[in-house]
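For reference, the chains in residue letters:
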Number of protein chains: 2
Amino acid sequence: MSSSLAERLRAIVGEAHVVTDADVLDGRSVDHTGRYRGKAGALVRPGSADEVAAVLRECRESGVCVTIQGGRTSLVAGTVPEHDDVLLSTERLTQIGDVDVVERRVHVGAGVTAAAVQRAAAAAGLLFGVDLAARDSATVGGMASTNAGGLRTVRYGNMGEQVLGLDIALPDGSVVHRHSQVRADNTGYDLASLFIGAEGTLGVITALDLRLHPAPPHRVTAVCGFRDLDALVGVGRGLRDTESIAALELIDGRAATLAAEHLDVPVPTTGAWLLLIELAGETDLTERLAHALEDAELYGEPAVGVDSTAQQRLWQVRESTAEVVGLFGPPLKFDVSLPLSAIPSFAADSTALVAEHAPDAIPVLFGHIGEGNLHLNVLRCGAEQEAHLYAAMMNLIAAHGGNVSSEHGVGSRKRAYLSMARSEEDIAAMRTIKAAFDPTGYLNPAVLFD
Amino acid sequence: MSSSLAERLRAIVGEAHVVTDADVLDGRSVDHTGRYRGKAGALVRPGSADEVAAVLRECRESGVCVTIQGGRTSLVAGTVPEHDDVLLSTERLTQIGDVDVVERRVHVGAGVTAAAVQRAAAAAGLLFGVDLAARDSATVGGMASTNAGGLRTVRYGNMGEQVLGLDIALPDGSVVHRHSQVRADNTGYDLASLFIGAEGTLGVITALDLRLHPAPPHRVTAVCGFRDLDALVGVGRGLRDTESIAALELIDGRAATLAAEHLDVPVPTTGAWLLLIELAGETDLTERLAHALEDAELYGEPAVGVDSTAQQRLWQVRESTAEVVGLFGPPLKFDVSLPLSAIPSFAADSTALVAEHAPDAIPVLFGHIGEGNLHLNVLRCGAEQEAHLYAAMMNLIAAHGGNVSSEHGVGSRKRAYLSMARSEEDIAAMRTIKAAFDPTGYLNPAVLFD
């Protein structure tokens, strides 16, 4: 990066917040899984929406690309710079407003983590509707940009459904404040929805108004074993649209066994597929749960948690599956969305496909049955094996009527596969919007489009 | 309109579907309230998305404006042509696909009415999440284009939340099919959301995949009287975010009295504000209702309906308020969104404002308390009085922290007031999108933008 641009950026954000140290840039140019690496020219940390806008203006005028970084928890290399970019970090945008208990909302900076919003909500007796394994690092700005899902989507929807308003710095250096103090607002284009899921290609989200939810007073959790994945999916189908559903998580028996071995997590039933069910609501739900399981072909007795200690223990089974896959080096991750009916056949076929391309690898699945969202983790998969397996897996997903991204987004890792999910006219319409907002294409150039 | 354009349009849609008869065009150029009138050059009724696209292409190339017409139930003159336009009607796009009971969805043409979708859903044991007074005329294409709300928004959200996929004919004559067979799909821009609420300025919705909901087995309805509007709002605030809420409708005592007088509708309690509450869910909810009302300062005994006949009778009270306002000529309608806390003061101030500008007029309110959405109907308000009252009312709404459109959209009637709801940068971003999709501005030119 030219020293004159660095100088102008320092004038905007302050000396301390333009970093050109090679080690720092090197650490910021690799994704957190360690699988994908790029190259950056500078790290810039603006302290306000206006500073973000001014940084964008300078970079655009200098013809320098900008890659936005939030918590850098992308699983599709969404924050890896490819053009010696300026890294624009939202890490200083961490203000958390007062929780409005009556209207159930809170205004937060884009750099606030999911966990911090959860804590602020809980302190006000409310609940934030999104939870995911990366909660301590993932920022709400990044989560909105990727429309993140997670463990509570089945009840509260994805991140987009929590967003009541946005501040966005546009590629031309202007700032749009799109907020409404009222719940119903039918005046013109739903700009917020356009920026949600746009993966930072249309602007930088700098702050958000987030919807919070009443915290249900009653909660019951269970982990049930199934020999037969069809039977598990059947229970999930019956529960996913009920009012009280709070979580519906598939846990691969292989992953649970690994967790029991390596992490010493007590698994209720080994040698089977597990389903974590959580119901929450205004009334006691233990009977409702028993009713849902009464005709199910379970393997072993379900482990039921009615108090929070027992519930945490059951959740540990699910969380440990996400943890254990990291013990074998960075896993190769696929984020797949499938019709529920296709899940059993995809589980079998994907295992066979992994065996074919990477015989020593261990495939394990977990995911969110309510949305038909599976995370296939391939442990011990080398880079060369990945090259072949990746494309083959994308085709397998398509063959099962699935989508190549369920909740992780496209990032740079899947940009070559966008056309498997979107038609030519559809991508053309997306490019029309991109070109209108960012004609030179300098903002997040590596992601989404090939 | 030139005869050569008419010829080319006939070649696309067939002789019978290009109408230039003056009486027909005259009838189609006035809105259904009779308050707003324009002028059209032809009525064109395409039979498919491809025909819609071809009509758009011809009109754009001929420099002729197009106004889209669905059920023509707009309350903001959203379908009134102002430029001797071609009226593009979706009335032939009325196919209804098979209801997918497992995935709870149905594919329908844009010209299908809300009532027809409700019937199709009910026949499959499911429920369509949007209901409004104009259900027999309003089309799902228009409802999506305006992101219509209604009587069930408090539970299921607006029309946009029911849309799982869209077919859209773009101003350049291409057709985007944006569908997904899976629930979770994070691949690129949320195009559907951009077209929802765009009021036909970015394209013509030709077909939709709609989400359907399980029909709750239990339902209880009540109409309660309140002397004090604050007390009514307090009950609404306590109920609006509960799981089982199914409707929360304010009924002005003045309207209820008029309905009792003119329509012979039995009103449980006259001389008071009324609140219709409906709870629905998987369990019996009569106790839940009693609990919600136990500390409320009611006026008289609540009328409670536990069977469908009694419930219909109570709904008749609400429906009759919408009907009775039409008995005094076309009412002037304001669609206002307010913070709940502002509702009592707005009710008082708006009554005073009407008395000031139109002393003979009768103001009556009804609306959807869950969203803070009030419909203020001014009966016996002349055109000259309207001219002054309209702008004054917009200012009053702003002074109460409200929004000038809650669910009716902007149309042409409110386009001059868009800047009261959206900032300059915000409108500029909207115009950027409009210009990208429709650089000549020929599609629905009268609505949204001034």
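Structural notes, computed from the coordinates. In this text, all values refer to a predicted model and were calculated from it rather than measured experimentally. Numbers given for residues are sequential positions, taken from 1 along each chain in its written order. For naming, the first written chain is A and the first written ligand is 1, with later ones following in the order written. Given that this is a predicted model, residues contribute local features only at a pLDDT of at least 70 and side-chain atom pairs are listed and counted only at 80 or more, while totals for whole chains, interfaces and linings are drawn from all residues. Only hydrogens and water are removed before side-chain values are computed, so all heavy atoms of the structure are retained for them.

1. Thoughts on the overall build of chain A
Argument step 1. Where helices and strands are cited, they refer to DSSP runs of H or I of at least four residues and of E of at least two residues respectively, numbered from the N terminus. When its secondary structure is counted, chain A shows 15 helices and 17 strands.
Argument step 2. Values of the radius of gyration come from C-alpha atoms, whereas the globule rule sets the reference at 2.2 Å times the count of residues to the power 0.38. The C-alpha radius of gyration of chain A comes to 22 Å, within 12% of the 22 Å expected for a compact globule of 450 residues.
Argument step 3. Throughout, exposure labels follow a simple rule: accessible area from a 1.4 Å probe, protein chains only, divided by the maximum for the residue type, with under 20% read as buried, over 50% as exposed, and the rest as partly exposed. By residue count, 61% of the 450 residues in chain A fall in the buried class.
Argument step 4. Note on areas: Shrake-Rupley with a 1.4 Å probe; residue coverage comes only from the protein chains shown. Carbon and sulfur atoms make up 48% of the accessible area of chain A, which totals about 15,900 Å².
Argument step 5. Asp and Glu count as negative and Lys and Arg as positive, but His and the ends of the chain are not part of the count. A charged residue contributes its charge at one atom only: NZ of Lys, CZ of Arg, CG of Asp or CD of Glu. Here chain A contributes 36 positive and 58 negative side-chain charges, whose respective centroids are spaced 3 Å apart.

2. Quick word on the relation of the copies chain A and chain B
Argument step 1. Note on the copies: chain A fits chain B at an RMSD of 0.0 Å, the axial shift is 0.0 Å, and the rotation between them is 180 degrees. In the structure described here, the two chain copies are related by an operation that fits a two-fold rotation axis. Least squares is used to superpose the copies, and the fit set is the C-alpha atoms of residues whose pLDDT is at least 70 in both copies.

3. Notes on the packing of aromatic side chains
Argument step 1. Only rings of Phe, Tyr and Trp enter the pairing, Trp through its six-membered ring, and a pair is recorded when the two centres are within 6.5 Å. The plane angle decides the type: under 30 degrees is stacked, over 60 is edge-to-face, the rest tilted. Tallied over the entire structure, the rule returns eight aromatic pairs over all chains.
Argument step 2. Centroid distance Tyr189 of chain A to Phe449 of chain B: 5.9 Å. Interplanar angle 85 degrees. Geometry classified as edge-to-face. A residue pair is termed interchain when its members come from two chains, as with Tyr189 of chain A in the loop between strand S8 (175–178) and helix H7 (191–195) and Phe449 of chain B in the segment after helix H15 (424–437). The same class applies to Tyr189 of chain A as to Phe449 of chain B, namely buried.
Argument step 3. Where Phe334 of chain A meets Tyr390 of chain A, the ring centres are 5.0 Å apart and the plane angle is 40 degrees; that geometry is what we call tilted. Of this pair, Phe334 of chain A sits in strand S15 (residues 332–337) while Tyr390 of chain A sits in helix H13 (residues 383–399), and the two are 56 residues apart along the sequence.
Argument step 4. Residue classification places Tyr390 of chain A among the buried residues on the basis of a relative accessible area of 1%.

4. Section: the sheet that holds strand S2 (residues 40–44) of chain A
Residues and elements named next belong to chain A.
Argument step 1. Here we have four strands laid out as an open sheet, ordered S1-S2-S4-S3, and mixed in their pairing. Of all strands in the sheet, those bounded by a partner on one side alone are strand S1 (18–19) and strand S3 (66–69).
Argument step 2. Bridge analysis of S1 against S2 gives two bridges, and the strand direction is antiparallel. Paired with Val18 across the strands is Val44, a residue of S2.
Argument step 3. Any two residues having at least one pair of non-hydrogen atoms within 4.5 Å are treated as being in contact. Angular values range over 0 to 180 degrees, each being the angle between N-to-C directions of two axes fitted as lines to C-alpha atoms, with helices fitted over their stretch in contact. Sheet contacts for helix H3 (residues 49–62): S2, S3 and strand S4 (85–89); angle to S4, the most-contacted strand, approximately 175 degrees. At least two DSSP bridges between two strands are needed for those strands to be called paired.

Note that every value here comes from positions in space, so none of it alone points to a role or purpose.
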